[in-house]
Amino acid sequence: MMKSFELLLNSAADIRLLSRPPWWNLKRLLVALGVLTGVLVGATLWIQQLHRKVEERTTQLQHEITERERIERRAAVEGERSRIARDLHDDLGSSLTEINLLGTMGLEGDATAGNECLSQIVNKARDSVNALDIIVWAVNPEENTLQSLADYLASFATDFVGKSGIACRIKMPVEFPPLILDGRTRHDLLLATREALNNAIRHAHAGEIEIGIALTDQLLRIHISDNGCGFGPNARRVGNGLANLTERLAGLQGSCKIQSCPGAGTVVTLELLLAKNQVAT
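Because the structure is a prediction, the values reported are computed rather than measured.

Parameters and conventions
- Residues numbered from 1 in each chain as written.
- Predicted model: local features only at pLDDT ≥ 70, side-chain atom pairs only at ≥ 80, totals over all residues.
- Heavy atoms only, no water.
- Helix = DSSP H or I, 4+ residues; strand = E, 2+ residues; numbered from the N terminus.
- Contact = heavy atoms within 4.5 Å.
- Areas by Shrake-Rupley, 256 points an atom, 1.4 Å probe, with all protein chains shown as cover.
- Buried < 20%, exposed > 50% of the residue type's maximum accessible area, 1.4 Å probe, protein only.
- Phe/Tyr/Trp six-rings, centres within 6.5 Å; stacked < 30°, edge-to-face > 60°.
- Lys NZ or Arg CZ within 6 Å of the ring centre and 35° of its normal.
- Expected span 1.5 Å × (residues − 1).
- Salt bridge = Lys/Arg side-chain N within 4 Å of Asp/Glu carboxyl O.

Q: Help me understand the overall build of the chain in this model?
A: Counting its regular elements, the chain contains five helices and five strands. In the chain, the succession of α and β elements from N to C terminus is α-α-α-β-α-β-β-α-β-β. Partitioning the intrachain contacts of the chain with sequence separation of at least 6 by distance along the chain shows that 70% fall at a separation of at least 24. As displayed, the chain has an accessible area near 19,300 Å², and 58% of this comes from carbon and sulfur atoms.

Q: I'm lost on the side chain of Ser-225 in this one. Help?
A: Assignment of secondary structure puts Ser-225 in strand β3 (residues 219-226). By relative accessible area, Ser-225 is classed as buried at 15%.

Q: Looking at this structure, I do not really get the packing of aromatic side chains. What am I missing?
A: In this description, a pair of aromatic rings is defined by centroid distance and the angle of the planes. Here the structure, examined in full by the defined rule, presents two aromatic pairs. With centroids separated by 4.2 Å and ring planes inclined at 15°, the aromatic side chains of Trp-137 and Tyr-152 adopt a geometry described as stacked. Of this pair, Trp-137 sits in helix α2 (residues 111-139) while Tyr-152 is found in helix α3 (residues 146-162), placing the two residues 15 residues apart along the sequence. Ring centres of Phe-156 and Phe-160 lie 5.4 Å apart, and the angle between their planes is 15°; this geometry places the pair in the stacked category. With Phe-156 and Phe-160 both in helix α3, this residue pair falls four residues apart, about one helical turn. Against the face of Trp-137 rests Arg-186, its NZ or CZ located 4.8 Å from the ring centre.

Q: I'm lost on helix α4 (residues 183-203) in this one. Help?
A: Each full turn of the α-helix corresponds to 3.6 residues, which orients residues three or four apart in the same direction. Along its 21 residues, α4 runs 30 Å from first to last C-alpha, staying within 8% of the 30 Å computed at 1.5 Å per residue. Positive phi appears at His-205, one or two residues downstream of α4, with a value of about 55°.

Q: How do you make sense of unusual backbone geometry when you look at a structure like this?
A: Most of the time, phi is negative for any residue but glycine, and the peptide bond is trans. For His-205, which is not a glycine, the phi torsion comes out positive at approximately 55°. Mapped onto the secondary structure, His-205 falls in the loop between α4 and β2 (208-216). The exposure class of His-205 is exposed, given its relative accessible area of 66%. In the Ramachandran plot, Gln-253 falls in the positive-phi region, its phi being about 65° despite a non-glycine side chain. Within the fold, Gln-253 resides in the loop between α5 (241-251) and β4 (255-260). Residue classification places Gln-253 among the exposed positions, given a relative accessible area of 69%.

Q: What's the story with the pattern of salt bridges in this structure? I'm lost.
A: Where charged atoms from two side chains of opposite charge come close, those side chains can pair. This model, assessed by the stated rule, comprises eight salt bridges. Between Arg-70 and Glu-67 there is a salt bridge whose closest N-O contact spans 2.3 Å. Pair noted here: Arg-70 and Glu-67 are both in helix α1 (residues 26-108), with a separation of three residues, about one helical turn. Among the residues examined, Arg-70 registers a relative accessible area of 33% and is labelled partly exposed. For Glu-67, a relative accessible area of 30% corresponds to the partly exposed category.

From the geometry alone we can't say anything about function, so treat these as descriptive.
What follows is the structure, encoded as structure tokens:
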């Protein structure tokens, strides 16, 4: 077998290249692997750094959210305290001052005047107890449901209207969905209902007052209707009762609608859209 040979050519032009060696050789493969390894290491380091920054930012945001929630809770508590203090001053402070004046007048007057003052003191004391009961109910966290509001309104209206000798009818479901209502909302809805009842008792000359409470598609609707004398659109309205109703509901992002016609009674409708996430736990 021939182990070697020698090829003699006249010039390089006598050589014709039929095919080139493959581009993908071992050297270039190693270079490519080195580049890919470098890119992979760099990407890994970048991802780790990015992950660390994300964790730091997440921790910072959680701290900011916690701090904001703490501030909001403190503001809510301070607001509730201010409201309670204002209610105590307005409802109880004025009543106690009047009781003191009536007591002084009773002591300085004769027996007849003393008996009259004593009767007024008893009435004022009863009103003060009722006002305190309303405030305690409004701030009680165990009463923060729609069911509690409906039950309290029904009981309050029956007692409030019954004292006037006017028949009172309550229309509402036996049970309401487990929705949460904060103290301010419950308190303002109760005061608005009381204002509407007071107007009906004092001005409508009605024989019957009906209280209706209903919830439809998250819309809470409370209507107070009477079969009294009613009033026309141009009637002179005494006091600020109706205006107070509108303002009180506007403060809750709700609305107050008043429909009346001479001889056909009056219907006051309080409406408040409840949030879908107000579900009691």
